[in-house]
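The chain contents come next:
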Amino acid sequence: MRTYKIQPLDESLRPIIQQKIDNLNKPKGSLGRLESLAMQVCLIQQTLSPSLAHPCHLLLGGDHGIEREGVSVSPREVTWQQMINFTKGGGGVNMFCRQHSFNLRLVDVGVDYDLSAFPQILNYKIARGTKNFLYEPAMTEEEFERALAVGEQLVDTCNKEGCRIISIGEMGIANTSPSSIWMHLFTQVPLKECIGAGAGLNAEGIRHKYKVLSKAVEKFKVSSNQERLEESLSYFGGFEMVTAIGAMLRAAELHLIILIDGFIMTACALAACQLYPPIHDYMIFTHCGDESGHLRMLEALQAEPLLHIGLRLGEGTGALCAFPIVDSAVRMMNEMNNFDNANITKYF
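Read on for a plain summary of the structure. (Residues numbered from 1 in each chain as written. Predicted model: local features only at pLDDT ≥ 70, side-chain atom pairs only at ≥ 80, totals over all residues. Heavy atoms only, no water.)

1. Here's the deal with unusual backbone geometry
Alright, step 1. Here the phi dihedral of Gln 188 falls at roughly 65 degrees; this positive angle occurs in a residue that is not glycine.
Alright, step 2. We note that Gln 302 has phi near 50 degrees; this positive angle belongs to a residue other than glycine.
Alright, step 3. Within the secondary structure, Gln 302 sits in the loop between α12 (294-300) and α13 (317-335). (Helix = DSSP H or I, 4+ residues; strand = E, 2+ residues; numbered from the N terminus.)

Shown next as structure tokens:
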């Protein structure tokens, strides 16, 4: 795994940014979370006049070997069926990308289906799904490196187009299973508390899922050193999840704003933070979903989500729904008048 150059945010501009925020023609602090968001965005971009130009959304598709163990109510063919549906503009992710003018990139990094007949889907297929981590590592070290590199390449392409903010979503049946295991390994929260219904498992289905994942974790005893950290990512992860981590790491290197979606993408963010803690500064956690464990994972990351409206679709839809709040914070900085220009007495 290559070394990423991710630095903590340069705080030297903070007093000047705060002065601009406080001099906008409003009571001090009256725009609440928008003010702290504006501060974060300005520090990421190192400017008093931030931009959300050319927003991009990466929708990454991949299948999981663990699906063969009946840990999801949805069969694996739903992955490729939804990927094709996305090419027709019929998914939730399509709707929200249109609504908020995001450039949507559909990417096959590991779908267990031949999607070559659909040129709208970028073909970066590493394999037709991961292996079953109940019996063996989900991917090889080489496949892990390739997935990271694909994420980097996708972000580089967006960056060359002038992108300043990126969101990432996933399509992969059973990907709440590796997400739950990563959460358990990286937060030490008991595995049972990390496992939820996914796409709609009933109580018996959740018990079965716990039994399967428990067996898998028993075979993989994690230590705290860096080598084992990376091994845990490749042992349990999905191609779309590792690609997302690579995209996040590269986005932070380029000082892009990273919108973090729901349970699966928060697990990827958690993994990225384990590898490079300063990346947390570049992330905006957009919502808390209904999947069991999501709130606990956000708490472990000391992340305050923007929304809590019962979302659990995935695809990055929560990140897209929260985008207007970030946009409002940026518009506040760029479009709101200050006391001097508005000829209003500053009363504090």
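Text resumes after the structure shown.
2. Some thoughts on the pattern of salt bridges
Alright, step 1. Evaluated as defined, the whole model comprises 19 salt bridges.
Alright, step 2. A salt bridge links Asp 112 to Arg 128, with the shortest nitrogen-to-oxygen separation between them at 3.0 Å. Residue Asp 112 is located in the loop between β2 (103-110) and β3 (121-123), and its partner Arg 128 is located in the loop between β3 and α5 (141-160); the two are separated by 16 residues in the primary sequence.
Alright, step 3. Of the charged contacts in the structure, one is a salt bridge between Arg 296 and Glu 193, with a shortest N-O distance of 2.5 Å. Separated by 103 residues along the polypeptide, Arg 296 in helix α12 and Glu 193 in helix α7 (residues 191-194) bring together distant segments of the chain.
Alright, step 4. Residue Arg 296 is classed as partly exposed on the basis of its relative accessible area of 35%.
Alright, step 5. Using a relative accessible area of 36% as the deciding quantity, one classes Glu 193 as partly exposed.
Alright, step 6. A single network of salt bridges, built from pairs that share partners, joins Arg 2, Glu 152, Asp 156, Arg 250 and Glu 253. (Salt bridge = Lys/Arg side-chain N within 4 Å of Asp/Glu carboxyl O. Buried < 20%, exposed > 50% of the residue type's maximum accessible area, 1.4 Å probe, protein only.)

3. Considering the side chain of His 294
Alright, step 1. Among the structural elements, His 294 can be located in helix α12.
Alright, step 2. For His 294, a relative accessible area of 0% gives the class buried.
Alright, step 3. Here the side chain of His 294 touches Gly 289 through a polar contact of 2.8 Å, landing on its backbone nitrogen.
Alright, step 4. In contact with His 294, not counting residues within four places along its chain, are Asp 261, Gly 262, Phe 263, Thr 266, His 287, Cys 288 and Gly 289. (Polar contact = N/O pair within 3.5 Å; in protein donor to acceptor, adjacent residues only side chain to side chain. Contact = heavy atoms within 4.5 Å.)

4. As for the sheet that holds β2
Alright, step 1. The strand order across the open sheet formed by six strands is β3-β2-β1-β4-β5-β6, and the pairing between neighbours is parallel. Edge positions in the open sheet fall to β3 and β6 (283-285), since each of these has one partner strand only. Each adjacent strand pair in this sheet contributes to an overall mean axis angle of 30 degrees, direction not counted.
Alright, step 2. Here three bridges tie β2 to β3, and the two strands are oriented parallel to one another. In the sheet register, Val 107 faces β3, and the bridge partner there is Leu 122.
Alright, step 3. Helix-sheet contacts for α5 involve β1 (56-62), β2, β3 and β4 (165-171), and the interaxial angle to β1 is about 155 degrees.
Alright, step 4. Together, β1, β2, β4, β5 (257-260) and β6 form the strand contacts of helix α10 (residues 239-253), whose direction differs from that of β1 by roughly 155 degrees. (Pairing = 2+ DSSP bridges. Axes fitted to C-alpha atoms, helices over the stretch in contact; angles between N-to-C directions.)

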